[in-house]
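The chain contents come next:
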Amino acid sequence: MSTSSEQVSFWQSRAGYLTLIGVVAAGAAGLTGLLTNIFERKAEQRAPYVRVVEVGENDTDPAKWGKNWPLEYDGYKRTALSTKTRFGGHQGSEALPQEKIERDPWLRRMFNGYAFAIDYRDRRGHAYMLYDQEHTQRLTKPQSGSCLHCHASIMPLYRELGGGDAMKGFESTFKFSYQELSQKLHDSGHAHPVSCVDCHDPANMALRVTRPGFIRGIQALAASDAPVPALPSIQQWREGKRAEPYDPNQDATRNEMRSFVCGQCHVEYYCSSKMPLTFPWGKGLTADNIEAFWNETKFPNGDAFLDYTHKETGAAVLKAQHPEFELWNQGIHARSGVSCADCHMPYAREGAAKVSDHWVRSPLVNVNRACQTCHRASEEEMKGRVDAIQQRNYELLQRGGAAIVDLIDAIVAAKAKGVTPEALAPALNFQRRAQWRLDFIAAENSMGFHAPQEAARVLGEAADYARQGQIALLGGVTSAPGAPPASAGPGTPGASGAPPPATPSAAPSASPPPAH
């Protein structure tokens, strides 16, 4: 006898059909969502930004640019955040960075007679570059309006001062006091830190350089015969017809521009009231090249160039600013085609968009994207390599600081004993040379990392020149290339009353600043 109670398959039941419909519907929805996301990302790639507001040459407020480029603006705003590394960054309170001249008292002694002996603090991010300059105690002494060249979005003011000619306006700013030009900047509505318009063409967002000081400096470098292994477009221009001066906005490669935009400000320059702001690159980019340039420079009145006269010794001193671009040019990264932006503004992925991270900061706080795209080593290994380089340069820097203080003490003692100006001259010349080299690395913000061997060479020479300055006070024989000739006359002991050199102070402890 047959039965009608045969078991029915689940998928043939009403519940099975409903489940199958649900699975198919969910799969279709998921696939639709995936395709939609892909199409959206493709659209993002085709149109990386949407221009919702028009921006032009006089739009210096980054917030307006941020409406069109919100990802980059988000990064720019983060430059207001505190970042710290073992040898750099904002080490003080949130309100006020730490004083370098308190942490390293030899700096105050070295800068005696110059405003940096009053106030010289750790740096903060780009968001503070104008505020911190406007509030430094250095402004209690006369300062030139030229200083705003690298701390403000100042190109519209240059054009206003020059009747539409930015270069002409730039050339006039050294005649203004800092307070006068700062007031004009605020009155014009452009009192912003360096902003988007300073590095980007508002028409197409192409990288560009705008700073007149850089344009003149790089043209002088190109016209020289100084080696430029890290700047191939200059060598290419030299081999051409040279019908027009080298123009970085026309002749440089895009990769070079990723460093040139930084080199508009992170450089050595003269910035005071006796002549227009000057980038000293006419003989090359090394510390020695720049020293030679300044040694041949004269002020408009014919006086020999100096930044200040040392208050204790009377030496005609050169003051380095912040020569990151110059030192980077001597290092392996520059010569390997690695730009400033590769390490300090590495690419980041935001959705489908690839953007340069505008949170400009030390690679040490962003090792994964800044270093490990090229170096196949662990983050700990990369930090260890950097730390070893910086520690060695830090030790050399501190030894140089001890040596320059010993030389200053020796000169002061010699003056007190009535040593003649002629007998003092060689030691004063050594002080100028030693301080220049020591300051070149102290003012540069990588603690030697941008070019480790070059930084160590410069610091070694600084200590050597300082010690030779002490020897010169005894009438001893010095051996530095190009050093002042030793004198057997008034510089010898007994002939002029020259004292023995001051007892050298012990080299300071090599322990670095506390880690943060």
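Below, the structure is looked at part by part. This is a predicted model, so every value here is computed, not measured. (Residues numbered from 1 in each chain as written. Predicted model: local features only at pLDDT ≥ 70, side-chain atom pairs only at ≥ 80, totals over all residues. Heavy atoms only, no water.)

## Quick look at the pairing of strand β6 (residues 353-356)
The sheet contact formed by strand β5 (residues 347-350) and β6 spans 4 bridges and is antiparallel. Across the sheet, Y347 pairs through a bridge with S356, a residue of β6. If you look at the hairpin formed by β5 and β6, you'll find 2 residues sitting between the two strands, and G351 has a positive phi there, around 65°. (Pairing = 2+ DSSP bridges. Helix = DSSP H or I, 4+ residues; strand = E, 2+ residues; numbered from the N terminus.)

## A short note on the nonpolar core
W106, L107, F111, W294, I404, W436 and L438 are the most contacted members of the largest nonpolar core, which has 57 residues in total. Elements supplying a minimum of two residues to this core: α5 (105-110), α14 (287-296), α19 (379-416), α20 (421-442) and α21 (452-473). With 11 residues, the top contributor of residues to this core is α20. Listed in part, the 44 residues of the second largest apolar core include L157, A230, Y246 and F279. (Core = buried A, V, L, I, M, F, W, Y, C linked by side-chain atoms within 4.5 Å. Buried < 20%, exposed > 50% of the residue type's maximum accessible area, 1.4 Å probe, protein only.)

## Things to note about the packing of aromatic side chains
Throughout the structure, instances matching the rule amount to 25 aromatic pairs. Taking the centre distance of 5.3 Å and the plane angle of 55° together, the rings of F214 and F260 count as tilted. Of this pair, F214 sits in helix α10 (residues 212-223) while F260 sits in helix α13 (residues 254-263), placing them 46 residues apart in sequence. Judged by relative accessible area, F214 falls into the buried class, the value being 0%. These aromatic residues form a ring-pair network of at least three members: F214, F260, Y269, F279, W281, F325 and W328. Across the ring face of F299, the terminal group of K274 is positioned such that the distance to the ring centre comes to 4.8 Å. The ring of F116 carries the charged tip of K319 above its face, separated from the ring centre by 4.6 Å. (Phe/Tyr/Trp six-rings, centres within 6.5 Å; stacked < 30°, edge-to-face > 60°. Lys NZ or Arg CZ within 6 Å of the ring centre and 35° of its normal.)

## Regarding the layout of surface pockets
Here the second largest pocket is characterised by a volume of approximately 160 Å³. In terms of lining, the second largest pocket is formed by 14 residues, of which the most central are L71, G75, R78, E350 and D357. The set of elements that each furnish at least two residues to the lining of the second largest pocket consists of α3 (70-77), β5 and β6. The dominant element in the lining of the second largest pocket, judged by the number of residues it contributes, is α3, at 4 residues. Along the lines of polarity and charge, the residues of the lining of the second largest pocket split into 4 nonpolar, 3 polar and 7 charged. (1 Å grid on protein atoms, 1.4 Å probe; cavity = no way out; pocket = protein on both sides within 12 Å on 5 of 7 lines; lining within 4 Å. Points joined across faces, edges and corners; volume = space filled by probe spheres on them. Nonpolar A, V, L, I, M, F, W, Y, C, P; charged D, E, K, R; others polar.)

## Structural notes on α20
Under the 1.5 Å per step criterion, the end-to-end length of α20 is 30 Å for 22 residues, consistent within 8% with the ideal 32 Å. Here α20 lies mainly inside the structure; 18 of its 22 residues are buried. (Expected span 1.5 Å × (residues − 1).)

## Section: the state of the cysteines
In total, this model carries 0 disulfides according to the counting rule given. Free of any disulfide, C150 has its nearest neighbouring cysteine sulfur in C265, separated by 3.4 Å. C150 sits in the buried class, given a relative accessible area of 7%. (Disulfide = S-S within 2.5 Å.)

## Focus: α21
In this model α21 runs 32 Å from its N-terminal to its C-terminal C-alpha over 22 residues, within 8% of the 32 Å that 1.5 Å per residue would give. Where α21 terminates, the next one or two residues include G475, which has phi positive at roughly 80°.

## Observations concerning the packing of α14 against α20
How two helices sit against one another is set out by the angle between their axes and by the gap between those axes. Where α14 contacts α20, the axes come no closer than 11 Å and their chain directions differ by 130°. As far as their axial angle goes, α20 and α14 are oblique. Viewed along their axes, α14 and α20 form a crossing whose handedness is right-handed. Contacts from A287, D288, I290, E291, W294 and N295 in α14 reach R432, R433, W436, R437 and F440 in α20. Here the contact of α14 with α20 is built from residues that sort into 5 nonpolar, 1 polar and 5 charged. (Axes fitted to C-alpha atoms, helices over the stretch in contact; angles between N-to-C directions. Parallel < 35°, antiparallel > 145°, perpendicular 65-115°, else oblique. Left-handed = near helix turned anticlockwise from the far one by under 90°. Contact = heavy atoms within 4.5 Å.)

## Side note on the packing of α19 against α20
One can describe the packing of α19 onto α20 by two numbers: an axis separation of 10 Å at closest approach and a directional angle of 155°. Classified by the interaxial angle, the pair formed by α19 and α20 is roughly antiparallel. Note on packing geometry: the crossing formed by α19 with α20 is left-handed. Together, L397, G400, G401, I404, L407, I408, I411, A414 and K415 of α19 and L424, A427, L428, F430, Q431, A434, Q435, L438 and A442 of α20 make up the contact between the two elements. When the residues that make up the contact of α19 with α20 are grouped by side-chain class, the tally is 13 nonpolar, 4 polar and 1 charged.

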